[in-house]
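Structural description and commentary
These are the residues of each chain, in order.
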Amino acid sequence: MTRESDIDMGEKIYSNVVRAGKRTYFFDVKTTRGNDCYLTITESRKKTDKDGNVFFDKHKIHLYKEDFQKYADGLNDAVNYIRKNRPDIFEQTFESSNGFSIDEEFDKL
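Anyway, here's the lowdown on the structure attached to this text. What you see is a predicted model; the values in this text were computed from it and never measured.

1. Observations regarding the overall build of the protein chain
Looking only at helices and strands, the protein chain has four helices and four strands in total. Each helix (α) and strand (β) of the protein chain, taken in turn from the N terminus, gives the series α-β-β-β-β-α-α-α. Relative to its 109 residues, the protein chain shows a buried fraction of 20%. Within the protein chain, contacts between residues separated by at least 24 positions form 22% of all contacts whose residues are at least 6 apart in sequence. Accessible surface, the protein chain: about 8,300 Å² in total, of which carbon and sulfur atoms supply 51%.

Listed below in structure tokens is the structure:
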């Protein structure tokens, strides 16, 4: 059985950072000891506790090669559903801090 700490020790071979308002998403491609690839998707949100201390709340997904296509298909289906049933969301222009619109951010995924 593989522990999460073992998985995270993989060599990072590609990284993409997407800043989206209060959230930042990290898409990291890593290699396993067996030279396979997997994707780590991390959502990081900056938060402040009641004492004013800043910390980052992180959530991580490990996506393995056998699931890449299924994940991509599921994400595309969900985004297409939103585009069809809530076109108003995509008609609005939301500018993020790096100058990309929400449409461009979805298209990158």
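2. Examining unusual backbone geometry
Phi angles above zero are rare outside glycine, and Asn35 is one such case at about 70°. Summarising the element assignment, Asn35 is placed in the loop between strand S2 (23-31) and strand S3 (37-48).

3. A closer look at the environment of His62
If you trace the backbone, His62 turns up in strand S4 (residues 54-64). Since its relative accessible area comes to 18%, His62 is described here as buried. Considering only alpha carbons, one finds His62 and Ile41, 21 residues apart in sequence, at a separation of 6.6 Å.

4. A few points about the packing of aromatic side chains
Applying the stated rule across the entire model yields one aromatic pair. Ring plane angle 35° and centroid distance 6.0 Å describe the contact between Tyr38 and Tyr64, whose orientation is recorded as tilted. Taken together, the residues Tyr38 in strand S3 and Tyr64 in strand S4 connect sequence positions 26 residues apart. Exposure remark for Tyr38: the relative accessible area of 2% places this residue in the buried category.

5. Structural notes on the pairing of S4
Where S3 lies against S4, eleven bridges are found, and the strand directions are antiparallel. Pairing of Tyr38 across the sheet is with Tyr64, part of S4. The loop that links S3 with its antiparallel partner S4 comprises five residues; one of these, Gly52, has a positive phi angle of about 90°.

What counts and what doesn't
- Residues numbered from 1 in each chain as written.
- Predicted model: local features only at pLDDT ≥ 70, side-chain atom pairs only at ≥ 80, totals over all residues.
- Heavy atoms only, no water.
- Helix = DSSP H or I, 4+ residues; strand = E, 2+ residues; numbered from the N terminus.
- Buried < 20%, exposed > 50% of the residue type's maximum accessible area, 1.4 Å probe, protein only.
- Contact = heavy atoms within 4.5 Å.
- Areas by Shrake-Rupley, 256 points an atom, 1.4 Å probe, with all protein chains shown as cover.
- Phe/Tyr/Trp six-rings, centres within 6.5 Å; stacked < 30°, edge-to-face > 60°.
- Pairing = 2+ DSSP bridges.

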